[in-house]
Amino acid sequence: MKRQIITLVLVFISITNLKAQNKEITKDEKVEITEMISKNLLKTYIDLNDAQEMTALLKSSIKSNKYETITNPDNFAEIVTQDLQNVSHDLHLKLKYEPKKIAQSQRIMPEEMKIKRESIISMKMAEVNYGFTEVKVLNGNIGYLNLRMFADTIYAKDVATAAMNFLHNTNAIIIDLRENGGGVPSMIQLLSSYFTEAKPVLLSNFYEREKDLKTQLFTFETIDGKRMTNKPLYILTSENTFSAAEAFTYTLKHLNKAVVVGEVTRGGANRTRTINLNDDFSLSLPYIKAIHPVTNTNWEGKGVQPTIKTTKKEAFVKAYIDAINKTVTRNKENVLNSIGYALLKEKSIDEAIIVFQESTKLFPLESNSWDSLGEAYFMNHDKVNALKSYRRALELDPASKSTKDMIQKLENL
């Protein structure tokens, strides 16, 4: 009997999913959806002027039959989203077709089920270590943290604390947010607290237009472990860096606590909630505006601008070199050389070349720097630059047999 019930449930779910996949959206439904979007925009969206402009656009699009030939609900959601974003430039603002998810959210869940669900969420987040994918100390005593999400501190406080304490004795820290799509404010508060004074620091002001309500976000007065207020901090960014990851970056940059290295970020600044418009469509709606206490604005639609602008690929090595230059005072040539060879060992040849190039700039009369650069070019199959580097090394150290051998080898290729 139990097996029969399970089978019937699975059949029901399959039929429901099939119906959702095959459903066509009608003209009346399009009108209803756009009207509901307009109502919520005018009531709640962070900027009333943009809300009015988007509402006018939706009304005009319905009147001109712009959406008439669209029958697929997913396509309809995508096109309406594009129209809304063309006006607002707000990547958080989205219409979504998700009947299955909406149905799940509308079910009355027993307390026991809620507890079980929380446990499952925590377990899934634990499987990716709450976004803390890599924590290590690099050559030159530079700390590195690869952070893929800003998880809620309810789940991730212990992991975050352990990571910060592990990095405490390093000379500088690099936090890699190049693949971080965001998360929640509590992790921003916690991580920021390690780089600020004990007296709570204002990280952001917030304004909710619907309620005419102002709120604020501060660092924590008490943390587990020691603060690193004067330690050089680098944050790596890319065009994939979004939302809470941008908030953390923008905030610490404008508090003069971090050097941002990489690409301009995606540009999503405002806090968002999801509204179910009906049983099929939901609206992701920004309703609280973030306002930085120093700039009195945010990065919405513009992205966070890097301090050192470079490609996503080169962001790490550029930050690494800058950190070494600011923190290493003795044997810097040897440190750079060891970093370059560590990168060669990892097959990161382009990055190794950048490190060795920096070494030749800082130590132009050291034959070893030019010899290492020649080896990196050789491994990169760049005969011309390899020969130039080795010849310069030989000029500085005419007795080097290994350099002479490499020049002869290259000339015979």
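Please refer to the structure placed before this passage.
Computed from a predicted structure; not experimentally measured.

Draft legend 1. Examining the overall build of the protein chain more closely. Scanning the protein chain from terminus to terminus reveals 15 helices and eleven strands. Taking the principal axes of the C-alpha coordinates as reference, the protein chain spans close to 85 × 55 × 55 Å. When each of the 413 residues of the protein chain is scored for burial, the buried share is 46%. Sequence-distant contacts, at least 24 apart, represent 71% of the contacts inside the protein chain between residues at least 6 apart. With the model as given, the accessible surface of the protein chain reaches about 21,800 Å², and the carbon-plus-sulfur share is 52%. Taking the average place of the 55 positive charges on the side chains of the protein chain and the average place of its 50 negative ones, the gap between the two points comes to 2 Å.

Draft legend 2. Structural context of the environment of Asn180. Within the fold, Asn180 resides in the loop between strand 4 (172-176) and helix 8 (185-193). Residues Asn180 and Ala244, 64 residues apart in the sequence, show an inter-C-alpha distance of 8.6 Å. Only 2.9 Å separates the side chain of Asn180 from the backbone nitrogen of Gly182, close enough to count as a polar contact.

Draft legend 3. Summary view of the pairing of strand 4. Across the five residues that make up strand 4, a large majority, five, are buried. Residues Ala172, Ile174 and Asp176 line one face of strand 4 and the alternating positions Ile173 and Ile175 line the opposite face, and both faces are buried. Bridge count between strand 3 (residues 142-147) and strand 4: five bridges; the pairing is parallel. In the strand pairing of strand 4, Asn146 is matched with Asp176. The handedness of the strand 3 to strand 4 crossover, carried by helix 7 (residues 153-166), is right-handed. When strand 4 meets strand 7 (residues 233-237), the two strands line up parallel, connected through four bridges. What sits directly across from Asp176, in strand 7, is Leu236.

Draft legend 4. Focus on the packing of aromatic side chains. In the structure shown here, the tally under the stated rule is eight aromatic pairs. Here Tyr67 and Phe76 contribute two aromatic rings whose centre-to-centre distance is 5.5 Å and whose plane-to-plane angle is 90°, an arrangement assigned as edge-to-face. Judged on exposure class, the residue Tyr67 and its partner Phe76 are both buried. Ring-pair connections join several aromatic residues into one group, and the members of that group are Tyr67, Phe76, Tyr97 and Phe281. A cation over an aromatic ring shows up here: Arg271 above the ring of Phe206, its NZ or CZ 4.3 Å from the ring centre. For the cation-ring pair, Arg273 lies above Tyr287, with the distance from its terminal atom to the ring centre recorded as 4.2 Å.

Draft legend 5. Layout of empty space enclosed by the protein. Counted by the stated rule, this structure contains one cavity of 30 Å³ or more. The calculated volume of the largest cavity comes to roughly 70 Å³. Contributing to the lining of the largest cavity are Lys27, Lys30, Val31, Ile62, Asn65, Lys66, Tyr67 and Glu68. Per element, the largest residue contribution to the lining of the largest cavity is three residues, and it comes from helix 2 (residues 27-44). Residues belonging to the lining of the largest cavity are distributed by class as follows: three nonpolar, one polar and four charged.

About the cut-offs
- Residues numbered from 1 in each chain as written.
- Predicted model: local features only at pLDDT ≥ 70, side-chain atom pairs only at ≥ 80, totals over all residues.
- Heavy atoms only, no water.
- Helix = DSSP H or I, 4+ residues; strand = E, 2+ residues; numbered from the N terminus.
- Buried < 20%, exposed > 50% of the residue type's maximum accessible area, 1.4 Å probe, protein only.
- Contact = heavy atoms within 4.5 Å.
- Areas by Shrake-Rupley, 256 points an atom, 1.4 Å probe, with all protein chains shown as cover.
- Lys, Arg positive; Asp, Glu negative; His and termini not counted.
- Charge placed at Lys NZ, Arg CZ, Asp CG, Glu CD.
- Polar contact = N/O pair within 3.5 Å; in protein donor to acceptor, adjacent residues only side chain to side chain.
- Pairing = 2+ DSSP bridges.
- Right-handed = clockwise from strand over helix to strand, strands pointing away.
- Phe/Tyr/Trp six-rings, centres within 6.5 Å; stacked < 30°, edge-to-face > 60°.
- Lys NZ or Arg CZ within 6 Å of the ring centre and 35° of its normal.
- 1 Å grid on protein atoms, 1.4 Å probe; cavity = no way out; pocket = protein on both sides within 12 Å on 5 of 7 lines; lining within 4 Å.
- Points joined across faces, edges and corners; volume = space filled by probe spheres on them.
- Nonpolar A, V, L, I, M, F, W, Y, C, P; charged D, E, K, R; others polar.

Remember that the coordinates give geometry; whether it matters functionally is a separate question.
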